[in-house]
Amino acid sequence: MSDTPTPAAHPRKKQGSARSRLLDAAARRFYADGVSATGIDTITAEAGVAKMSLYNNFSSKADLVMAYLDARHEEWLGLYRRRMEGVGDARGGVLAVFDAYADHAAFAYEHGFRGCGLLNAAAELPAGHEGRDVVRRHKEEVESLLAGHLEELLPDRPEEAHALAEHLSFLLEGAVARAGLEGAGTRLEHARTMAANLLGRL
């Protein structure tokens, strides 16, 4: 696997330091302990702000959860874009998607890597919740990125490119689920190797 960049801090927003601290605290606690198990008091205490600061920046805990999901999506896109800076072809673009997931697994999480934070949160949200739509769109975007690279690699075989993108997205999701259970990114490294071998046979 190509060199993994140093894990960055969770995304900072420009709306003010209190908002940034609240989002950072929510990111840590939601990922480590779960969305439902994390109360407002826990988040404000960790952020070092008064409870009123939370309601000055977010209308409710539900609003904070949505901001957290959006931030995780943007965080992953940032990792992907960093990987793409060193990519020179479509094959490298496909592998950059896998590398971005491995980079995400390499963050220094409080209780270790627990899998995809977006899927973890979605599992706690009821059917029809708008947060689940955010997660679904994220996964669709990842598959779309794969499809775009594969269409470039297979310009005369668009149907095969899209079928392969779905195949690789399943491989990626299975790997991140296993990696989350095992608390390490080893399965993601294996998945990247499988993807590289598959691309080598095209």
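Since this is a predicted model, take the numbers as computed values, not measurements. Position numbers for residues start from 1 in each chain and track the written sequence from start to end. Only residues with pLDDT of at least 70 are given local features in this predicted model, and only at 80 or more are side-chain atom pairs given and counted; all residues enter the totals for whole chains, interfaces and linings. Each side-chain value is worked out from all heavy atoms of the structure, with water and hydrogens disregarded.

Chemist: Help me understand the overall build of the protein chain, please; the structure alone is not making it clear to me.
Modeler: Each helix is a run of DSSP H or I of at least 4 residues and each strand a run of E of at least 2, with the numbering of both proceeding from the N terminus. Within the protein chain, the secondary structure is distributed over nine helices and zero strands. Walking the protein chain from its N terminus toward its C terminus, one meets helices and strands in the order α-α-α-α-α-α-α-α-α. Since a compact globule built from 202 residues should have a radius of gyration of about 17 Å, the 18 Å found for the protein chain is in line with a globular shape. Referenced to the eigenvectors of the C-alpha coordinate spread, the extents of the protein chain come out at roughly 55 × 35 × 30 Å. Note on contacts: a residue pair qualifies if any of its non-hydrogen atoms lie within 4.5 Å across the two residues. A separation threshold of at least 6 residues defines the contact pool for the protein chain, and within that pool the share at least 24 residues apart is 65%. Using the Shrake-Rupley algorithm and a 1.4 Å probe, accessible areas are obtained, with residue cover drawn only from the displayed protein chains. Entry remark: accessible area of the protein chain is about 10,000 Å², with carbon and sulfur atoms responsible for 50%. Neither His nor the chain termini are counted; the positive set is Lys and Arg, and the negative set is Asp and Glu. The location of each charge is read from NZ of Lys, CZ of Arg, CG of Asp or CD of Glu. The positive charge centre, built from 24 side chains, and the negative charge centre, built from 29, are 5 Å apart in the protein chain. Here the globule rule reads 2.2 Å times residues to the power 0.38, and the radius of gyration is calculated from C-alpha atoms.

Chemist: Before we go on, may I ask you to explain helix 2 (residues 40-47) in this structure?
Modeler: Every α-helix carries 3.6 residues per turn, so stepping three or four residues along brings you back to the same face. Along helix 2, the residues that are buried comprise Ile40, Ile43, Thr44 and Ala47. Take helix 2 and look down its axis: the buried residues cluster within an arc of 95 degrees, on one side only. Buried residues along helix 2 sit against helix 1 (17-33), helix 3 (51-57) and helix 4 (61-84). A positive backbone phi angle near 70 degrees is found at Gly48, which sits one or two residues after helix 2. Here's how the labels work: a residue is buried when its accessible area is under 20% of the maximum for its type, exposed when over 50%, partly exposed in between, all with a 1.4 Å probe on protein chains only. Throughout, the arc means that of the directions going from the helix axis to the C-beta atoms.

Chemist: In this structure, what is going on with the environment of Gly48? I would like to understand it.
Modeler: As for its placement among the helices and strands, Gly48 is situated in the loop between helix 2 and helix 3. Taking the C-alpha atoms as reference, Gly48 lies 8.4 Å from Leu22; in sequence the two are 26 residues apart.

Chemist: When you look at the packing of aromatic side chains in this model, what are you seeing that I'm missing?
Modeler: Given two aromatic rings, their pairing is described by the distance between the two centres and the angle made by the two planes. A pair of Phe, Tyr and Trp rings is counted when the ring centres sit within 6.5 Å of each other, with Trp represented by its six-membered ring. The angle between the planes then sorts it: under 30 degrees is stacked, over 60 is edge-to-face, the rest tilted. Applying the stated criterion across every chain, the model contains six aromatic pairs. Here a set of aromatic residues connected by ring pairs shows up, and it is made of Tyr31, Phe107, Tyr109 and Phe113. Seen from the ring of Tyr31, Arg114 lies directly overhead, with NZ or CZ sitting 5.9 Å from the centre. Two limits define a charge over a ring: the Lys NZ or Arg CZ must be within 6 Å of the ring centre, and within 35 degrees of the ring normal.

Chemist: Hey, could you run me through helix 7 (residues 130-153) in this one?
Modeler: A helix is expected to reach a length of 1.5 Å times the quantity of its residues less one. Here helix 7 contains 24 residues, and its C-alpha end-to-end distance of 35 Å stays within 8% of the 34 Å for a straight helix at 1.5 Å per residue. The inward-facing, buried residues of helix 7 abut helix 4, helix 5 (90-105), helix 6 (117-124), helix 8 (158-182) and helix 9 (186-200).

Chemist: Explanation requested: the environment of Gly92 in the structure shown.
Modeler: Note that Gly92 resides in helix 5. Among the residues examined, Gly92 registers a relative accessible area of 19% and is labelled buried. Between the C-alpha atom of Gly92 and that of Asp156, which follows or precedes it by 64 residues, the distance is 19 Å.

Chemist: In this structure, what is going on with the packing of helix 5 against helix 7? I would like to understand it.
Modeler: Look at helix 5 against helix 7: their axes get within 7 Å of each other, and the N-to-C directions meet at 155 degrees. As summarised for this structure, helix 5 and helix 7 are arranged roughly antiparallel, according to the angle between their axes. Of the two elements, helix 5 crosses helix 7, and the hand of that crossing is left-handed. Only His138, Lys139, Val142, Leu145, Leu146, His149, Leu150, Glu152 and Leu153 of helix 7 make contact with helix 5, whose side of the interface consists of Ala90, Arg91, Gly93, Val94, Val97, Phe98 and Tyr101. Residue classes follow a fixed rule: Ala, Val, Leu, Ile, Met, Phe, Trp, Tyr, Cys and Pro count as nonpolar, while Asp, Glu, Lys and Arg count as charged, and any other residue, Gly among them, counts as polar. Within the contact of helix 5 with helix 7, the residues separate by chemical class into 10 nonpolar, three polar and three charged. Note on definitions: angles span 0 to 180 degrees between N-to-C directions of axes, and those axes are lines fitted to C-alpha atoms, for helices only across the stretch in contact. Orientation is classified from the angle alone, with under 35 degrees giving roughly parallel, over 145 giving roughly antiparallel, 65 to 115 giving roughly perpendicular, and any other angle giving oblique. Note on convention: the crossing is left-handed when the near helix lies turned anticlockwise from the far helix by less than a right angle, right-handed when the turn is clockwise.

Chemist: Looking at this structure, how should I read the packing of helix 8 against helix 9?
Modeler: Helix packing for two helices is described by the angle between their axes and how far apart those axes are. Helix 9 packs onto helix 8 with a crossing angle of 160 degrees between their chain directions and a minimal axis gap of 8 Å. Judged by the angle between their axes, helix 8 and helix 9 are roughly antiparallel. Handedness of the helix 8/helix 9 crossing: right-handed. Listed contacts from helix 9 to Leu164, His167, Leu168, Leu171, Leu172, Ala175, Val176, Arg178, Ala179 and Glu182 of helix 8 are Arg187, Leu188, Ala191, Met194, Ala195 and Leu198. Across the contact of helix 8 with helix 9, the residue classes tally to 12 nonpolar, one polar and three charged.

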